[in-house]
Amino acid sequence: MASSMQNNRVSPPGYCVCCRTCNMWCWRAFKWLPVLLIVSIVTWSYYAYVIQLCIFTIESTVQQCIYLVLYHILLIMFAWSYWRTIFADIKPIPEKYKLPEAELEKLLSAETEDAQRTILENFAKDLPIVTRTMSGSVRYCNRCVLVKPDRAHHCSICSRCVLKMDHHCPWVNNCVCFHNYKFFMLFLGYALLYCLFIMSTCLPYFIRFWKMYQEYKHAHCDNLFDIGTFSKQCMDILNGDFGMSGSAGRYHIVFAFFVALMFAISLGSLFGYHCYLVAHNRTTLEAFRAPMFRGGADKNGFSMGAYNNFKEVFGNSPNKWVVPVFTSVEMAHETERWRLCPRRGRTVPQIV
């Protein structure tokens, strides 16, 4: 354990600063590729839905207006939530959790694990923490040189400890944690509604195009096209909506339906899973490994009932629950608002 307390990362001989800087910027650019992919898909879906479906395909002006208004409302809320999730201000761990130089020197010079544990216990005795490691020690990060607050974890991609870390999401190029978990939930919810809306409004036209394609195949128009002759039925079909003039738009609409269906299935399962986590006040990390307390592991150690768990993420103002503005209740390890829970005989966060 003594050696693990030190964080000496020595670069290989001859590894120049220029190469390290170049690698760093390449890595940063690479991490934005999933976000650019999502933005590209949404941009294309805007063209397919607004231009090809609403403007070129739908004939009713009233239907066009209704579809366009609802679509843009969902798009704005979806994009707003996505933006806030990506660019949320992930605040650092408070300074009081960081070891002073004197304590760090004593920790590094300690020769036994028991001595290191004693130093950390003495430093953390006044900190509002109740979780421990599997061995019962104070949770310490040797990279950030700090005692980890409850539910905080070190993100190897961001190279920092993060409060109430859920996971690092490549699709938002950010850690999903206390500071943007509400935005992430709204992003999933609005993205799911966005896909379901596109699916439901494209479905009648997908069925219509499918029926026209079946008529085209039934009339053997494809075979007649190869030999350069057409029947009257084929000419009527080609001169109608199935003709070349509408083929590009038709394929955009059909493809938009299938893309929306694919993403809706994925988003539905992910959103449902995170709704379950919110209701039980767990993170993805805690769902796989229950947090450890002095009395042992407890998967429901932070649960305060489904409603209070929901308010911890979405806040106390119902009129702001569906808006991507920060309203999450501050965690106990930040505000030191604690109460004693007689049932478990330990302290848990309090909603105020």
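Not measured: the values here are computed from a predicted model.

Right, let's get into the nonpolar core. Among the nonpolar cores identified, the biggest contains 49 residues, and Tyr49, Tyr71, Tyr181 and Phe187 are the most heavily contacted of them. Those elements that provide at least two residues to this core are α2 (33–55), α3 (61–86), α6 (181–218), α9 (244–279) and α11 (306–314). Here this core gets 19 residues from one element, more than from any other, and that element is α6. Among all residues touching tyrosine 71, those that are not within four sequence positions of it are Ser45, Tyr46, Tyr49, Val50, Tyr194, Phe197 and Ile198. Residues Phe123, Ile129, Cys141 and Ala152 belong to the second largest nonpolar core, which totals 21 residues.

A separate point is the side chain of arginine 132. Mapped onto the secondary structure, arginine 132 falls in strand β1 (residues 131–132). Given the relative accessible area of 7%, arginine 132 is considered buried. Discounting residues that sit within four places of it in the chain, arginine 132 has contacts with Glu121, Ser137, Val138, Arg139, Met292 and Arg294.

With that settled, the discussion passes to the pattern of salt bridges. On inspection of all chains with the given rule, the structure shows six salt bridges. In this structure, the salt-bridge partner of glutamate 312 is lysine 164, at a minimum N-O distance of 3.3 Å. In this pair, glutamate 312 is assigned in helix α11 and lysine 164 in the loop between β5 (160–162) and β6 (167–169), connecting sequence segments 148 residues apart. Classification of lysine 164 as buried rests on a relative accessible area of 7%. Overlapping salt bridges, with partners in common, bring together Arg151, Lys164, Glu286 and Glu312 in one network.

With that settled, the discussion passes to the sheet that holds strand β8 (residues 292–293). Pairing in this open sheet of three strands is antiparallel, and the strands run β1-β8-β9 from one edge to the other. Whereas interior strands pair on both sides, the edge strands pair on one side only; in this sheet they are β1 and β9 (296–297). Where β8 lies against β9, two bridges are found, and the strand directions are antiparallel. In the strand pairing of β9, methionine 292 is matched with alanine 297.

Time to look at helix α5 (residues 113–124). Taking 1.5 Å of rise per residue, the twelve residues of α5 would be expected to cover 16 Å, and the 16 Å separating its terminal C-alpha atoms lies within 8% of that figure. If you follow the buried residues of α5, they end up packed against α4 (101–109), β2 (140–141) and β3 (146–147).

According to the stated counting rule, one finds 22 aromatic pairs in the structure shown. With 4.4 Å between their ring centres and 45° between their planes, tryptophan 83 and phenylalanine 87 make a pair best called tilted. Residue classification places phenylalanine 87 among the partly exposed residues on the basis of a relative accessible area of 44%. Aromatic side chains phenylalanine 178 and phenylalanine 326 sit 5.8 Å apart centroid to centroid with 85° between the ring planes, which places their arrangement in the edge-to-face category. Residue phenylalanine 178 is located in the loop between β7 (174–176) and α6, and its partner phenylalanine 326 is located in the loop between α11 and α12 (332–335); the two are separated by 148 residues in the primary sequence.

Turning next to the UniProt feature "transmembrane region" (unreviewed entry) in the chain. UniProt's entry tags residues 32–58, 65–83, 183–207 and 253–273 with the feature "transmembrane region" (unreviewed entry), counted in the numbering of this structure. Here residues 32–58 is 85% helix and 0% strand, with 36 Å between the C-alpha atoms at its ends.

Let us now look at the confidence of the model for the chain. On average, residues of the chain score 84 in pLDDT, and 79% of them are at 70 or above. Low pLDDT (under 50) marks residues 6–10, which in the prediction has five contacts with non-local residues, meaning those over four places away or in another chain. In this model residues 331–352 is a low-confidence stretch, pLDDT under 50, and it forms 61 contacts with partners more than four residues away in sequence or in other chains.

To find the voids left in a structure, one rolls a probe of water-molecule size over its atoms. The tally for this structure, following the rule as stated, stands at two cavities of 30 Å³ or more. Roughly 30 Å³ of internal volume is contained in the second largest cavity. In terms of lining, the second largest cavity is formed by Lys164, Asp166, Cys177, Phe178, Tyr181, Arg282 and Thr283. The residue makeup of the lining of the second largest cavity, split by class, is three nonpolar, one polar and three charged.

So, how was this worked out
- Residues numbered from 1 in each chain as written.
- Predicted model: local features only at pLDDT ≥ 70, side-chain atom pairs only at ≥ 80, totals over all residues.
- Heavy atoms only, no water.
- Core = buried A, V, L, I, M, F, W, Y, C linked by side-chain atoms within 4.5 Å.
- Buried < 20%, exposed > 50% of the residue type's maximum accessible area, 1.4 Å probe, protein only.
- Helix = DSSP H or I, 4+ residues; strand = E, 2+ residues; numbered from the N terminus.
- Contact = heavy atoms within 4.5 Å.
- Salt bridge = Lys/Arg side-chain N within 4 Å of Asp/Glu carboxyl O.
- Pairing = 2+ DSSP bridges.
- Expected span 1.5 Å × (residues − 1).
- Phe/Tyr/Trp six-rings, centres within 6.5 Å; stacked < 30°, edge-to-face > 60°.
- UniProt positions renumbered as here; feature names shortened; annotations may be inferred.
- pLDDT = per-residue confidence, 0-100.
- 1 Å grid on protein atoms, 1.4 Å probe; cavity = no way out; pocket = protein on both sides within 12 Å on 5 of 7 lines; lining within 4 Å.
- Points joined across faces, edges and corners; volume = space filled by probe spheres on them.
- Nonpolar A, V, L, I, M, F, W, Y, C, P; charged D, E, K, R; others polar.

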